[in-house]
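An overview of the molecular structure
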Amino acid sequence: MKKSVTKVFASTMSVLLGVTALLPAMNVRAEGANTGSGPSEPKLHLEGDLLSDEVVSIIVEIEEEAMLQAKQKGRFQSERVLAEERARILSELESLGASADVNHEYDQLFSGFSIELSENEIGKLLMIDGVKSVFPNQEYEVTQAEQFSLESVTPEMFDSAPYIESFAAWDAGYTGDGVTVAVIDTGVDYTHPDLAHAFGENLGWDFVDNDADPQETTIEDVANPELVTNHGTHVAGTIAANGAIKGVAPDASLLAYRVLGPGGSGSTDNVIAAIERAVEDGADVMNLSLGATLNNPDYPTSIALDTAMAEGVVAVTANGNSGSQNWTVGSPGTSREAISVGATQLPYNVFSASIDTTSESTYPSAEVMGYPSESALLELNGETLELVYAGLGSTAELNEVDVEGKVALIQRGAYPFVEKAQNALNAGAVGVVLFNNVEGTQPEIPGMAVPTIMLSLADGEKLLADLEAGHNEVTFSVEFSHEVGETVADFSSRGPVMNNWMIKPDVVAPGVNIVSTVPNGMYASLQGTSMAAPHVAGAAALILEAHPEWSVEFVKAALMNTAEQLTDRTGTVYPHNTQGAGSIRVLQAIEAETLIIPGSHSFGIFDKTNGRQTRKQSFEIHNLTNTRKRHTVSFSGNNGVKVNNSNNLNIPAGKTSSFNFNVQVDASNLAAGYNEGTFTVSDGVKSYEVPTILFIQEPDFPLLNDVQFGLMDGLLVGLASVTTDVDQFSLRVRNAETGELLTETAVTQNVPRGEHFFVWDMLIDGQPLTPGQYQLNPTAALGDRVTELQGAVLTIGQ
């Protein structure tokens, strides 16, 4: 969902150091260079003005290892030592004249605490021995859904569980019985008839209200209905519903941890606390259908999930909904060990469409963008309806015209496609014609609230001109064209992960138009990687029931090794950073006879400009059968990449063999950039594929990968994540409708990697903003590379 600037940040970014652009900044950020033995300099993962006394919420990581981190390395750690170390650091901070309010303390999976601290006191914190890193307390937000009764649900909405072989697993005797899954989300309506069976005396915990009742935010809790939540209940139903709807693992037990409050928003400090609590409460699997756009494998939530996996809890997380470009995966989807999940759309029918008016014009670019159901789309066929122009499709614009029973003509820009369609439905429209605001094509968007036909910019402007000339009726022709197989959703975030260059997602699963439970005994359809992740969490529960002795590595490998490779609508295989190992098939995972660990490989960066460069790597092949098996291994990839190995492995029954190989890269035969390959391991009966990637020279990652905005005292303040040292940062302000550049402000030279605060006085050429909508795009430049990140839309009313 596109961000809109309407209020000051809550909790995490409630005040964003609003004088950054007005006073000279003192950069205290250190990259942790280690000049000898002993701990490195503390890393400050945010950058701002040390002269400001504004309060910011931060997470502090300390040098002392957490209890479980130490345990996993064979070392001893005690809660007392950690508590004393945290107390010492906070005491020293107080002795330096700083005042900090402590929100959470962590000692199990992550070692440190979260506090509220004035920006001008962060430097004092960094002076204290034992402080390892300081992070911003990132904000999370999830989307809620319109709910409906079960009678309005069509049968095809229940296809996702059987498609991933859940029904087949049930027939084989596996329903998730005896496995506990933690849902870390907006809470869960544990009284829902389809979910009540899954909860015991311990419901979980509410970290928003700090009590033992992790119920969703209800209308009784808040005056504004828009703040009521249902996301966590929807996720829980996909995992373990057992009533009118059946989840993937209908007999699994659930624990609910409410970390996102009214409106579905929350912060990192609560998420970390919930991860720790879920491990302590004995969860076997945990699901996090939440995330930030920050692509960082070392962010606290990613670290916590890595530790949870090492402790034997299968951690499943959404990969993010930031779209079809590489590098869009966000934490905690960036976790090294957790199973990160992208979203797919199940096989669907494609329809062709055309439109006509009483003018002599034609509109050849007409195509179906999306629709709520096939029947709703086909109802338009042959219909002639009145056409009404509604600008950008905002609620205000649609309320200013009469679209009841009519078709709204809307231009792309300012708002998400799905929001425009929903606004049109709310205003009474029966359809939308949506035309582009730039040259090129628009994406298909499954699950639009009303049937929506898309046009090019030229055809849209032609139709608008015809409408203004009095041709105000449009006739639709819609007919079936062909079927498309399972495809990766356009909104599903792609990898790789920055800094370690890992492939993400690990797997994909259904995440489009998923019907599940929501509070008050109701049901709703939602889409996103948030909906895909619980399919995998439920699948993990089935696998653990079938193989309770399996490690988390085995569960992850089984899902990856047996996944089905997907192709796009043209039949082209998706890149590894789009689909990971592929779409999960749970019965095949349960019945796997060979496992390859890890399930994917990144060979990193090869930066030698001439000649060959070689690296050694390995993976393990596990023979799970009771007979000796001969395995063969082959590698396919681009010319210039060679893998040298012994490709025959005879592995005794129930044993493991290490497969060692050399990766040799000849840079002279490869263009700079991203290269992928695939290992194929065959046991004589079945073949398993292991995806790999490598980079030639510097990867083409974006210079910015996250931004947050807020308003304070007449200023617009922001926080942008800069992925590497850049020559310049700025904020480009554009006309939201036309894209015209109006001003470039908040210009800062030589900005280091990390979190960069900026401010704009909301003046253009010294004049206040006039009513309208302004697109706010943070921009970074490094040499010839420029990243302009589409940020938020600022609306100035009359």
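Please read these numbers as outputs of a predicted model, since none were measured by experiment.

**Regarding the overall build of the chain**
- Looking only at helices and strands, the chain features 16 helices and 45 strands.
- A globule of 798 residues ought to have a C-alpha radius of gyration of about 28 Å, and the chain, at 27 Å, matches this closely.
- Dimensions along the principal axes, computed over C-alpha positions, put the chain at roughly 80 × 65 × 65 Å.
- A burial count over the chain gives 58% of its 798 residues as buried.
- Considering only contacts within the chain whose residues lie at least 6 apart along the sequence, 74% involve residues at least 24 apart.
- Once the 40 positive and 104 negative side-chain charges of the chain are each reduced to a mean point, those two points are 12 Å apart.

**Digging into the packing of helix α6 (residues 231-240) against helix α13 (residues 529-546)**
- At a minimum axis distance of 8 Å, the contact between α6 and α13 shows a crossing angle of 35°. Crossing hand, α6 versus α13: right-handed. Taken together, the residues of α13 that come into contact with α6 (itself represented by His 231, His 234, Val 235, Thr 238 and Ile 239) are Ser 530, Met 531, Pro 534, His 535, Ala 537 and Gly 538.
- Its residues assigned to classes, the contact of α6 with α13 shows 5 nonpolar, 6 polar and no charged.

**A few points about the sheet that holds strand β36 (residues 704-712)**
- Strands sit in the order β36-β37-β40 across an open sheet of 3 strands; the sheet is antiparallel. The sheet terminates laterally at β36 and β40 (754-760), the two strands that pair on one side only. Each strand axis lies, on average, 20° off the axis of its neighbour in the sheet, ignoring direction.
- Bridge count for β36 against strand β37 (residues 715-722) is 8 bridges, and the pairing is antiparallel. Following the sheet pairing, Gln 708 is matched in β37 by Leu 719.

**Here's the deal with unusual backbone geometry**
- Look at the link from Ser 331 to Pro 332: it is a cis peptide, with omega at 10°.
- Within the secondary structure, Pro 332 sits in the loop between β14 (314-318) and β15 (339-345).
- Here the residue pair Ile 597 and Pro 598 is connected by a cis peptide bond, since its omega of 0° sits within 30 degrees of zero.
- In this fold, Pro 598 is placed in the loop between β27 (594-597) and β28 (601-606).

**With respect to the side chain of Thr 344**
- Relative to the helices and strands, Thr 344 is located in strand β15.
- Residue classification places Thr 344 among the buried positions, given a relative accessible area of 0%.
- There is a polar contact of 2.8 Å between the side chain of Thr 344 and the side chain of Glu 486.
- Not counting the four nearest positions on each side in its chain, Thr 344 is found in contact with Glu 486, Thr 487, Val 488, Ala 489, Val 508, Ala 509, Pro 510, Gly 511, Val 512 and Leu 566.

**A few points about the nonpolar core**
- Judged by nonpolar contacts, the single largest core of 106 residues is most densely connected at Leu 254, Ile 275 and Met 286.
- The dominant element in this core, judged by the number of residues it contributes, is α13, at 12 residues.
- Those residues in contact with Met 286 that lie beyond four places of it in its chain are Ala 182, Ile 184, Ile 275, Ala 278, Val 279, Leu 305, Ala 308, Val 313, Val 314, Ala 315 and Val 316.

**Some details on helix α7 (residues 268-280)**
- Between its first and last C-alpha, α7 extends 19 Å over 13 residues, near the 18 Å set by a 1.5 Å rise per residue.
- Within α7, the full set of buried residues consists of Thr 268, Asp 269, Asn 270, Val 271, Ile 272, Ala 273, Ala 274, Ile 275, Glu 276, Ala 278 and Val 279.
- Following α7 by one or two positions, Gly 282 has its phi on the positive side, about 90°.

Rules used throughout
Residues numbered from 1 in each chain as written. Predicted model: local features only at pLDDT ≥ 70, side-chain atom pairs only at ≥ 80, totals over all residues. Heavy atoms only, no water. Helix = DSSP H or I, 4+ residues; strand = E, 2+ residues; numbered from the N terminus. Rg over C-alpha atoms; globule rule 2.2 N^0.38 Å. Buried < 20%, exposed > 50% of the residue type's maximum accessible area, 1.4 Å probe, protein only. Contact = heavy atoms within 4.5 Å. Lys, Arg positive; Asp, Glu negative; His and termini not counted. Charge placed at Lys NZ, Arg CZ, Asp CG, Glu CD. Axes fitted to C-alpha atoms, helices over the stretch in contact; angles between N-to-C directions. Left-handed = near helix turned anticlockwise from the far one by under 90°. Nonpolar A, V, L, I, M, F, W, Y, C, P; charged D, E, K, R; others polar. Pairing = 2+ DSSP bridges. Polar contact = N/O pair within 3.5 Å; in protein donor to acceptor, adjacent residues only side chain to side chain. Core = buried A, V, L, I, M, F, W, Y, C linked by side-chain atoms within 4.5 Å. Expected span 1.5 Å × (residues − 1).

Interpretation note: all reported values are geometric properties and have no functional meaning in isolation.
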